[in-house]
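Letter by letter, the chains look like this.
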Amino acid sequence: MDRERLGPARKGKRDFVDSLDFSPEDYQRLFSLADSIRENPARMAKACSGSLMATLFYEPSTRTRLSFEAAMRRLGGEVITVADPATSSVAKGESLADTIRTVGGYADLIVLRHPKEGAARLAALYSPVPLINGGDGAREHPTQTLTDLYTILTCKGRLEDLTVALCGDLRYGRTVHSLIKALTRYPDIRFLLVSPEELRLPDSVKEEVLLLRPGVSLQESEQLEECLPEADVLYMTRIQKERFFNEEDYLRLRDAYVLTPEKLQAAKPDLIVMHPLPRVTEISPAMDADPRAVYFQQARLGMYARMALIADLLGVA
Ligand code: NCD
């Protein structure tokens, strides 16, 4: 690789920008690796020694950035980071392409979170090293999907024949967009889409899902209660305050769904309740003691899934 040239990306490098960039076989390879790392963390503890990962986060994050950084360190690698765009050259007017070409000359892998939709795809074009999308605006969040699929597989033992209810902000929730597309490729998945009218899943995402699997069951509803008895997986999401244009709409919709143990009485005993976190009001803290609540386990599994992803993209798996 000729990094001195700082030209367009080298051919053959692998990026992870959209959840469909990886096939179900690719995901399975990562799940198996993540399982083996969980069983025996020592085996991979030096796998990335001598490698450097850059995390560029131009939007707030706790889990995604820290789980990536924890993952890299647990593989023996090093991390450099920009977590506050105000202190980087972006504040001086530098283009994303220039930032990425420069950082790609320092690091072996880049994780980017950016408020603009499509920013990660552009960055991948310019990055000389593998680029991972840590969330681009309201569009996609593929490593959350990796985490979510791994959680479903770990907790339910399968990724097919499932009724998956997705609830909350389906319009702006990028984790939902990435997850629904990736799940569509598994057999016999039925979706229950629960949201207020204004926050329904965008038509563009629905169309993509229907192209992937014509006739897939997408049932829309505004009532969570009516969907609960059928669901095997309930994926709750936060109303995405930062993507709203006015505070009034946000406040009106914020408490549209609040999951409580009482509401779950009608649900299957082996339901799992997931959430990409952070939660605000949509899951009552009283839910945390319910064995069906797996969201903190999901966050931890995300770190192992990201260890597998980093090792895979760096070719050390
Ligand atoms: C999600 C995100 O950033 O899109 N969080 C995360 O990465 N775990 C979900 C959210 O912010 O609501």
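A. Spatial organisation of the packing of helix α5 (residues 142–156) against helix α10 (residues 295–313). Where α5 meets α10, the closest approach of the two axes is 8 Å, and the angle between their N-to-C directions is 115 degrees. Accordingly, the angle class assigned to the pair α5 and α10 is roughly perpendicular. For the pair α5 and α10, the crossing hand works out as right-handed. In contact with Thr-143, Gln-144, Leu-146, Thr-147, Asp-148, Tyr-150, Thr-151, Thr-154 and Cys-155 of α5, α10 contributes Gln-297, Gln-298, Leu-301, Gly-302, Tyr-304, Ala-305, Arg-306 and Leu-309. Here the residues of the contact of α5 with α10 sort into seven nonpolar, eight polar and two charged.

B. Broad picture of the packing of aromatic side chains. Applying the stated criterion to the full structure yields eight aromatic pairs. An angle of 25 degrees between the planes, with centres 4.2 Å apart, marks the rings of Phe-16 and Phe-22 as stacked. Across this residue pair, the class does not change: Phe-16 and Phe-22 are buried. When the ring of Tyr-172 is compared with that of Phe-244, the centres are 5.6 Å apart and the planes differ by 55 degrees; the resulting orientation is tilted. Separated by 72 residues along the polypeptide, Tyr-172 in the loop between β5 (162–167) and α6 (174–184) and Phe-244 in the loop between β8 (233–236) and α9 (247–254) bring together distant segments of the chain.

C. How the structure looks around the site of the ligand. Taken together, Arg-63, Thr-64, Arg-113, His-141, Gln-144, Arg-174, Thr-175, Arg-238, Gln-240, Pro-276, Leu-277 and Pro-278 make up the full set of residues near the ligand. The side chain of Arg-238 places a nitrogen or oxygen atom 2.8 Å from an oxygen atom of the ligand. The separation between a nitrogen atom of the ligand and a polar main-chain atom of Leu-277 is 3.0 Å. Relative to its unbound accessible surface of 320 Å², the ligand loses 94% to contact with the protein. At the level of elements, α2 (63–74) and α6 are the ones that each hand at least two residues to the shell around the ligand.

D. Focus on the domain arrangement of the chain. Domain annotation of the chain identifies domain 1 (3–139 + 302–313) and domain 2 (142–299). In this structure, domain 1 and domain 2 have C-alpha centres spaced 25 Å apart. In this complex, domain 1 contributes 34 residues to the contact, which on the side of domain 2 involves 27 residues. Across the contact surface, domain 1 and domain 2 share two salt bridges. Glu-59 serves as the salt-bridge partner of Arg-174, at 3.0 Å between the closest nitrogen and oxygen. Along the contact surface separating domain 1 from domain 2 lie 13 residue pairs in polar contact (both at pLDDT 80 or more). Every element with two or more residues in the side of domain 1 that touches domain 2 is listed here: α1 (24–39), α2, β4 (131–136) and α10. The element best represented in the side of domain 1 that touches domain 2 is α1, accounting for eight residues.

E. The arrangement of unusual backbone geometry in detail. Residue Pro-278 is reached from Leu-277 by a cis peptide bond, and omega for that bond is 5 degrees. With a phi angle near 50 degrees, Asp-161 is a residue other than glycine that sits in the positive phi range. Owing to a relative accessible area of 39%, Asp-161 belongs among the partly exposed residues under this scheme.

Criteria and thresholds
Residues numbered from 1 in each chain as written. Predicted model: local features only at pLDDT ≥ 70, side-chain atom pairs only at ≥ 80, totals over all residues. Heavy atoms only, no water. Axes fitted to C-alpha atoms, helices over the stretch in contact; angles between N-to-C directions. Helix = DSSP H or I, 4+ residues; strand = E, 2+ residues; numbered from the N terminus. Parallel < 35°, antiparallel > 145°, perpendicular 65-115°, else oblique. Left-handed = near helix turned anticlockwise from the far one by under 90°. Contact = heavy atoms within 4.5 Å. Nonpolar A, V, L, I, M, F, W, Y, C, P; charged D, E, K, R; others polar. Phe/Tyr/Trp six-rings, centres within 6.5 Å; stacked < 30°, edge-to-face > 60°. Buried < 20%, exposed > 50% of the residue type's maximum accessible area, 1.4 Å probe, protein only. Near = heavy atom within 4 Å. Polar contact = N/O pair within 3.5 Å; in protein donor to acceptor, adjacent residues only side chain to side chain. Areas by Shrake-Rupley, 256 points an atom, 1.4 Å probe, with all protein chains shown as cover. Domains from an automatic or database assignment. Salt bridge = Lys/Arg side-chain N within 4 Å of Asp/Glu carboxyl O.

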